[in-house]
Amino acid sequence: MNDLTRDSDRIMHEARISRDVNREGGYHRMAGSIGAGSAKVKRKHLVKKIRNVVIAVFAIWLASGIAGALFSGIGFWGLMSVLVASIVAIAVFSNFPKMETPKRGDLNKGNVQQMVGRTELWLESQRPALPPPAAKIVSDMGVQLDALGLQLEGVDQNHPKAREVRNLVGEQLPEMIDSYRKIPAHLRTEERAGATPDQQLTESLGKISGEIDSITRQLAEGSLDDLAIKHRYLDYKFGEGAQTAPELEHKN
């Protein structure tokens with residue numbers, strides 16, 4: 001009976017973990033992704049690879065079937081050739097095409113929401129070259145960029161906040177990291193003007209992270225206000241407001 005109880009507890013615990021992970025967008029961090037945006041790009045690329053593998057293997061076996069029908073079988077060596085061709089196709093299409101990291105000059109192209117997603121993937125590729133405190137901020141920034149991307153959905157490209165995001169995320173952020181990477185590695189820990197380049201980068205990334213959070217909150221204010229209004233309406237109609245509303249007394 002105790003074993004059954006332990007198994008039940010374990011199953012319920014794993015189910016809760018699975019539920020919480022799915023709410024956060026899946027196991028994207030397990031693949032090294034800093035956010036759901038970059039994970040989505042990777043999944044799309046993986047699906048494309050799998051599709052190519054399936055098409056290639058299907059074409060090989062279809063061709064072998066047609067050849068077998070025309071020549072009354074393909075024989076042992078023909079079957080071996082089909083197997084080898086299938087293995088080669090799987091190996092080739094599993095590795096190609098390689099997923100390309102967005103180039104620095106391409107980050108600020110397209111609509112602002114796409115720009116945020118590309119920057120997220122670019123930041124992911126830059127993270128190994130950053131000092132640990134800065135890399136930690138970049139990792140956390142992935143979640144912030146995911147939230148920002150959701151708020152930017154449907155926002156006019158000429159909206160002041162959209163232009164602000166384009167400047168902050170598409171220009172200032174990558175320019176700062178580019179400037180840091182141009183500094184020789186042995187000079188990054190030397191203090192200059194009261195701080196090392198490592199410290200300056202970490203502090204600047206922290207400021208940008210705070211600004212991204214601020215913009216996201218400003219964009220979300222409309223939705224928050226709308227939710228509060230609906231909550232007050234429902235409370236008035238069905239909650240405590242309804243209970244305290246004047247009621248007609250029944251007359252005998």
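Counting from 1, residues in each chain are numbered in the order their sequence is written. Note on the predicted model: pLDDT of at least 70 is required for a residue's local features to be given, and 80 or more for side-chain atom pairs to be given and counted; whole-chain, interface and lining totals, by contrast, use all residues. Neither water nor hydrogens contribute to the side-chain values; these are computed over all heavy atoms in the structure.

Moving on to the overall build of the protein. Labels follow the DSSP assignment, with helices taken as runs of H or I lasting at least four residues and strands as runs of E lasting at least two, numbered in each case from the N terminus. The helix and strand tally for the protein stands at 8 helices and 0 strands. Walking the protein from its N terminus toward its C terminus, one meets helices and strands in the order α-α-α-α-α-α-α-α. When the 252 residues of the protein are sorted by exposure, 30% land in the buried category. Buried means the residue's accessible area, taken with a 1.4 Å probe over protein chains only, is under 20% of the maximum for its type, while exposed means over 50%, and partly exposed covers the values in between.

It is worth spelling out the packing of helix α5 (residues 132–152) against helix α6 (residues 160–181) at this point. Comment: axis = line fitted to C-alpha atoms, over the contacting stretch for helices; angle = value between 0 and 180 degrees taken between N-to-C directions. Put simply, α5 and α6 touch, their axes get as near as 12 Å, and they point 145 degrees apart. With respect to the hand of their crossing, α5 and α6 are arranged in left-handed fashion. Judged by residue contacts, Met141, Leu145, Leu148 and Leu152 of α5 engage Val165, Val169 and Leu173 from α6. In the scheme used here, Gly and all other residues not listed as nonpolar or charged are polar, with Ala, Val, Leu, Ile, Met, Phe, Trp, Tyr, Cys and Pro taken as nonpolar and Asp, Glu, Lys and Arg as charged. Tallied by class, the residues present in the contact of α5 with α6 amount to 7 nonpolar, no polar and no charged. We call a crossing left-handed when the near helix sits turned anticlockwise from the far one by less than a right angle, and right-handed when that turn is clockwise. Contact criterion: two residues are considered in contact whenever any of their non-hydrogen atoms come within 4.5 Å of each other.

A separate point is the nonpolar core. Formed by 31 residues in total, the largest nonpolar core has its most connected members in Leu123, Met141, Leu148, Val165 and Leu205. Those elements that place two or more of their residues in this core are α4 (112–126), α5, α6 and α7 (197–238). Among residues more than four places away in sequence, those in contact with leucine 123 are Ile34, Val138, Met141, Leu145, Leu173 and Ile177. Only buried Ala, Val, Leu, Ile, Met, Phe, Trp, Tyr and Cys residues count toward a nonpolar core, and they belong to the same one when joined by side-chain atoms within 4.5 Å.

Next up on the list: the pattern of salt bridges. Salt bridge criterion: a side-chain nitrogen from Lys or Arg within 4 Å of a carboxyl oxygen from Asp or Glu. Inspection of every chain in the model, using the stated rule, returns 8 salt bridges. Note that lysine 109 and aspartate 106 form a salt bridge whose closest N and O atoms lie 3.0 Å from each other. The partly exposed category is assigned to lysine 109, whose relative accessible area is 48%. Each of the salt bridges in this network shares a partner with another, and the network as a whole consists of Arg104, Glu171, Glu175 and Asp178.

Further remarks concern the packing of aromatic side chains. Here a Phe, Tyr or Trp ring, Trp counted by its six-membered ring, pairs with any other such ring whose centre lies within 6.5 Å, and the pair is stacked when the planes are under 30 degrees apart, edge-to-face when over 60, and tilted otherwise. All told, the structure shown has 1 aromatic pair when counted by the stated rule. Their ring planes at 75 degrees and their centres at 5.1 Å tell us that phenylalanine 76 and tryptophan 77 sit as a pair that is edge-to-face. For tryptophan 77, a relative accessible area of 67% gives the class exposed. Definition used: whenever NZ (Lys) or CZ (Arg) falls within 6 Å of the ring centre and also within 35 degrees of the ring normal, the charge is taken to sit over that ring. Taking the ring centre of tyrosine 180 as reference, the NZ or CZ of arginine 188 above it sits at 4.6 Å.

Position of arginine 188 among the secondary structure elements: in the loop between α6 and α7. Charged residues are defined narrowly, with Lys and Arg counted positive, Asp and Glu counted negative, and His plus the chain ends left uncounted. Aspartate 198 provides the closest opposite charge to the buried, salt-bridge-free arginine 188, at an N-O distance of 5.7 Å. If we skip the residues at most four places from it in the chain, arginine 188 touches Ala129, Tyr180, Arg181, Ile183, Thr196, Pro197 and Asp198.

One fewer than the residue count of a helix, multiplied by 1.5 Å, yields its expected span. Between its terminal C-alpha atoms helix α3 (residues 75–95) stretches 31 Å, which fits the 30 Å expected from 21 residues at 1.5 Å a residue. All of the buried residues along α3 are Gly78, Val82, Ser86 and Ala89. The buried residues of α3 occupy an angular sector of 85 degrees when projected down its axis, which confines them to one face. Exposed residues lying more than 90 degrees from the buried face of α3 are Phe76, Trp77, Val84 and Ile87. Read the arc as the range of directions from the helix axis to the C-beta atoms.

Right, let's talk about the UniProt feature "transmembrane region" (unreviewed entry) in the protein for a bit. UniProt positions are given in the numbering used here, feature names are shortened, and annotations may be inferred rather than shown by experiment. Those places that UniProt annotates as "transmembrane region" (unreviewed entry) correspond, in this numbering, to residues 50–70 and 76–96. The span residues 76–96 is 95% helix and 0% strand, and its two end C-alpha atoms sit 30 Å from each other.

Omega for the bond connecting phenylalanine 96 with proline 97 falls within 30 degrees of zero, at -5 degrees, which places this linkage in the cis form. With respect to the helices, strands and loops of the structure, proline 97 is situated in the loop between α3 and α4. The phi angle at serine 72 is positive, at roughly 60 degrees, despite the residue not being glycine. One non-glycine residue, alanine 193, lies in the positive phi region at around 55 degrees.

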